[in-house]
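Each chain, letter by letter, is given below.
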Amino acid sequence: QVQLVESGGGLVQAGDSLRLSCAASGAAFSPYMMSWFRQAPGKEREFLAGLRWSGGYTYYADSVKGRFTISRPTAVNRMYLQMNSLKPEDTAVYYCAARRTSSAEYNDWGQGTQVTVSS
């Protein structure tokens, strides 16, 4: 069973940086796409960035392109989201999620980590 555990959230000031981590276990993830989402209070969940676990492909939402970077070190079942130049509107619960490349649906989600950006 896939398990995803996020960490690294916290309270920061506008302009600061933060790196979120997602520890993945319970499967061989080569055929997976892994992504970061967020959900702010009263808003719908928003896709941020994704990567192909086997490598060679990353993609971003326009809202975070150039500020956020998704990455995965080799030989480690962990994924990161480096967030720079944070803004108060980045305040949300951040989630990592996984789906097989053959599926359009993200079936596996972490519990989320809160990021709060003060002005």
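Quick summary incoming for the structure in this document. Each residue is numbered by its place in its chain's sequence as written, counting from 1. In keeping with the model being predicted, local features are shown solely for residues with a pLDDT of at least 70 and side-chain atom pairs are shown and tallied solely at 80 or more, while totals for entire chains, interfaces and linings include all residues. Calculation of side-chain values draws on the structure's entire complement of heavy atoms; hydrogens and water are dropped beforehand.

Working definition: with a 1.4 Å probe on protein chains only, accessible area under 20% of the residue-type maximum means buried, over 50% means exposed, and in between means partly exposed. Elements are defined by DSSP. Helices are runs of H or I of four residues or more, strands are runs of E of two residues or more, and each kind is numbered from the N terminus. Along strand β7 (residues 68–71), the buried face is formed by Phe68 and Ile70; none of Thr69 and Ser71, which line the opposite face, is buried. Note: two strands are recorded as paired if DSSP finds a minimum of 2 bridges between them. Bridge analysis of β7 against strand β8 (residues 78–83) gives 4 bridges, and the strand direction is antiparallel. What sits directly across from isoleucine 70, in β8, is leucine 81. With antiparallel pairing between neighbouring strands as the criterion, β7 and β8 make up a hairpin whose turn holds 6 residues, including alanine 75 at a positive phi of roughly 65°.

Right, let's talk about the nonpolar core for a bit. If you look at soluble globular proteins, the nonpolar side chains tend to sit buried side by side. What makes a nonpolar core is a set of buried Ala, Val, Leu, Ile, Met, Phe, Trp, Tyr and Cys residues whose side-chain atoms join them at distances within 4.5 Å. Ranked by internal contacts, the top residues of the largest apolar core, which has 30 residues, are Met34, Trp36, Met79, Leu81, Met83 and Tyr94. Taken together, the elements giving at least two residues each to this core come down to β3 (18–25), β4 (32–39), β5 (46–52), β7, β8, β9 (92–100) and β11 (113–118).

When two rings of Phe, Tyr or Trp (its six-membered ring) have centres within 6.5 Å they constitute a pair, described as stacked for plane angles under 30 degrees, edge-to-face for angles over 60, and tilted for the intermediate range. Per the counting criterion, the structure on display carries 9 aromatic pairs. Judged by centre distance (5.6 Å) and plane angle (75°), the ring pair of phenylalanine 37 and phenylalanine 47 falls under edge-to-face. Of this pair, phenylalanine 37 sits in strand β4 while phenylalanine 47 is found in strand β5, placing the two residues 10 residues apart along the sequence. Looking at phenylalanine 37, the relative accessible area reads 9%, which means it is buried. Ring plane angle 20° and centroid distance 5.2 Å describe the contact between phenylalanine 47 and tyrosine 59, whose orientation is recorded as stacked. Linking phenylalanine 47 in strand β5 with tyrosine 59 in strand β6 (residues 58–60), this pair joins segments that are 12 residues apart in sequence. Given a relative accessible area of 24%, phenylalanine 47 falls into the partly exposed group. Following the ring pairs from residue to residue traces out a cluster consisting of Phe37, Phe47, Tyr57, Tyr59, Tyr95, Tyr106 and Trp109.

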